[in-house]
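This is what each chain is made of:
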Amino acid sequence: MPLLGAAHLAGLRRHLRALLDEESEEANERALLVVDTLASLACRHAHAPFTVRLRHTEGSSLRAEIRELRCRTLPGHAALRLPLHILDRLARTWCVDLQEHHGVLTAEVDLAG
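So, here is what we can say about the structure in this document. (Residues numbered from 1 in each chain as written. Predicted model: local features only at pLDDT ≥ 70, side-chain atom pairs only at ≥ 80, totals over all residues. Heavy atoms only, no water.)

**With respect to the pairing of strand 4 (residues 61-71)**
Relative to strand 4, strand 2 (residues 46-47) runs antiparallel, the two being bridged by two bridges. Bridging across to strand 4, Ala 46 finds its partner in Cys 71. In this structure, strand 3 (residues 50-57) lies alongside strand 4, joined through seven bridges in antiparallel fashion. Across the sheet, residue Arg 55 finds its bridge partner in strand 4, namely Arg 63. Here strand 3 hands over to strand 4 after three residues, with Gly 59 in that stretch at a positive phi of 75°. Pairing of strand 4 with strand 6 (residues 102-110) involves eight bridges; the strand directions are antiparallel. (Pairing = 2+ DSSP bridges. Helix = DSSP H or I, 4+ residues; strand = E, 2+ residues; numbered from the N terminus.)

**Looking at the nonpolar core**
Considering soluble globular proteins, one finds that nonpolar side chains tend to be buried as a cluster. Among the nonpolar cores identified, the biggest contains 32 residues, and Phe 50, Leu 54, Leu 62, Ile 66 and Leu 69 are the most heavily contacted of them. Residue assignment for this core shows that the elements contributing at least two residues are helix 1 (9-19), helix 2 (25-45), strand 3, strand 4, helix 4 (84-90) and strand 6. Here the element with the most residues in this core is helix 2; it accounts for 10 residues. Here Leu 62 is in contact with Leu 16, Leu 19, Leu 20, Ala 31, Val 35, Leu 54, Arg 55, His 56, Ala 107, Glu 108, Val 109 and Leu 111, once residues within four sequence places are set aside. (Core = buried A, V, L, I, M, F, W, Y, C linked by side-chain atoms within 4.5 Å. Buried < 20%, exposed > 50% of the residue type's maximum accessible area, 1.4 Å probe, protein only. Contact = heavy atoms within 4.5 Å.)

Structure (structure tokens):
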């Protein structure tokens, strides 16, 4: 799904809630916080549009990728560090993969508990 910038974050949240409708409320909230953090980082530090890819395995996991990032700032930049504690606590794994000024943000959320 395309993400055209911060104004479209609400649509991404609605899509994710519908995708995770059968998951527990706790798992749904955890996934929403992780995906929202990734998408917000993309909107804050890169030029839109981006591609958001969500892979859901019911009762098990959600993998989120924000692709086609053309970045204004690089990993390690002080502004980029601010919300990363959310990803550290809620995501099973996450990473920022930048090649020069292009890249992908990825996170995986455990939905099983």
